[in-house]
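Listed below are the residues making up each chain.
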Amino acid sequence: MNKTIRVLIAKPGLDGHDRGALVIAQGLRDEGMEVIYSGLRQTPEQIVATAIQEDVDCIGLSILSGAHNELLPEVMRLLKENQAEEILVIGGGVIPDDDIPFLKEHGIAEIFTPGASMKEIADFIRDNIEKKNSKQTRSTSVKKIDHIGIAVKSLDEAVPFYKEILGLTFLGMEEVLDEGVKVAFFEAGGVRIELLEPLHQESPIYKHIEKRGEGIHHLAFEVEDIVDQFSKLQERQISLLQNQPRRGAHDTKVGFIHPKSSHKVLIELCEKN
């Protein structure tokens, strides 16, 4: 069953006419939405607090006083400050056309001026909430940790440590020319360890070692259909190091999530043939 959309209708500022707001509130109720009306003369702080407390999906701001360019952006600022910017915000009332681009630049999703139909407003809210919910449910599907990547200056020096000192099972070695690396794989309790040696100075691994020294470079997760996983990540505005997956070691398809989106960890997604 679809969740009932909850809408807060609020009047920021000092104007004392709420007939239009009440008409909108009743109209959205008739459209099957759950509506909370916060009353006249609300401050942006009161509106944001009510929206968070009532866990609404949308705020409809009705304003006639002419202070829309001050009050509506302030509501958006407070939503962001309270980490509630995912709430859809629309505006309505006597708002000049010339001011609408400014309000949208500050995050107001749409402005409905006199003459807008109730169906138009309801359809806009419904469509945008459905898009937001769709994005939230499309999370990346990880099967397991595939390997841990470790940057080393020399495989000749590093391999004996993992093979002879730690006693890990050596799985093989190959060059990945697209990445400018030579890699050696070991197995440790079901997780592979990948040692990466740069083949030249243009290799990302060479630059990593120059900047940070040897050590853990990335964490790799195995996924199914990496192209679809990339699409899901892009929908949620996750930063990626490339637009499309490319070929990696063992002819797998690989792609990387930028550390700024993954709490400073370089994450590789890989799909095996």
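Residues numbered from 1 in each chain as written. Predicted model: local features only at pLDDT ≥ 70, side-chain atom pairs only at ≥ 80, totals over all residues. Heavy atoms only, no water.

Here the focus is the UniProt feature "domain: B12-binding" (unreviewed entry) in the protein. UniProt feature "domain: B12-binding" (unreviewed entry): in the numbering of this structure it lies at residues 4-132. Secondary structure content for residues 4-132 is 45% helix and 19% strand, while the C-alpha to C-alpha distance between its ends is 14 Å. (UniProt positions renumbered as here; feature names shortened; annotations may be inferred. Helix = DSSP H or I, 4+ residues; strand = E, 2+ residues; numbered from the N terminus.)

As a further point, take the domain arrangement of the protein. What the domain assignment reports for the protein is domain 1 (6-137) and domain 2 (142-271). Using only C-alpha atoms to locate each centre, domain 1 and domain 2 end up separated by 46 Å. (Domains from an automatic or database assignment.)

Let's shift gears to the pattern of salt bridges. Tallied over the entire structure, the rule returns 18 salt bridges. Where D123 meets K119, a salt bridge forms, and the shortest distance between an N and an O atom there is 2.6 Å. On the criterion of helical spacing, the pair formed by D123 and K119 is a turn pair, its members being four residues apart in helix 5 (residues 118-137). Taking the relative accessible area as the measure of exposure, K119 reaches 53% and is therefore exposed. Between D146 and R192 there is a salt bridge whose closest N-O contact spans 2.5 Å. Highlighted residues: D146 in strand 6 (residues 142-151) and R192 in strand 9 (residues 191-198), separated in sequence by 46 residues. Put simply, E31, K119, D123 and R126 are held in one network by salt bridges that share partners. (Salt bridge = Lys/Arg side-chain N within 4 Å of Asp/Glu carboxyl O. Buried < 20%, exposed > 50% of the residue type's maximum accessible area, 1.4 Å probe, protein only.)

Turning our eyes to something else, we now look at the sheet that holds strand 2 (residues 34-37). One open sheet holds the five strands; their spatial order is 2-1-3-4-5, and the pairing between them is parallel. Since the sheet does not close on itself, it has two edges, and those belong to strand 2 and strand 5 (110-112), each with one partner. Across the sheet, the mean angle from the axis of one strand to that of its neighbour is 25°, orientation sign disregarded. Contacting strand 1 (6-10), strand 2 and strand 3 (58-63), helix 2 (residues 44-54) crosses the sheet at an angle of about 165° to strand 1. (Pairing = 2+ DSSP bridges. Axes fitted to C-alpha atoms, helices over the stretch in contact; angles between N-to-C directions. Contact = heavy atoms within 4.5 Å.)

The subject of this paragraph is helix 6 (residues 155-165). Side chains three or four residues apart in an α-helix point the same way, a direct result of the helix having 3.6 residues per turn. Restricting attention to buried positions, one finds in helix 6 the residues L155, A158, V159 and Y162. One side of helix 6 holds all its buried residues, which, seen down the axis, span an arc of 100°. Among the exposed residues of helix 6, those pointing more than 90 degrees away from its buried face are D156, E157, E164 and I165. Close packing links the buried residues of helix 6 with strand 6, strand 7 (169-176), strand 8 (181-188) and strand 9. In this structure S154 caps helix 6, since a side-chain oxygen of it lies 3.3 Å from the backbone nitrogen of D156. G167 sits one or two positions beyond helix 6 and adopts a positive phi of about 75°. (Arc of directions from axis to C-beta. Polar contact = N/O pair within 3.5 Å; in protein donor to acceptor, adjacent residues only side chain to side chain.)

Judged by how many residues are buried, strand 1 sits mostly within the fold: five of five residues are covered. The side-chain alternation of strand 1 yields two buried faces, one formed by R6, L8 and A10 and the other by V7 and I9. Pairing of strand 1 with strand 2, which is carried by four bridges, proceeds in the parallel orientation. Note on strand 2: the bridge partner recorded for L8 is I36. Between strand 1 and its parallel partner strand 2, the chain crosses via helix 1 (residues 19-30), and the hand of that crossover is right-handed. Judged from the four bridges that link them, strand 1 and strand 3 form a sheet pairing that is parallel. Counterpart to V7 in the pairing with strand 3 is C58. (Right-handed = clockwise from strand over helix to strand, strands pointing away.)

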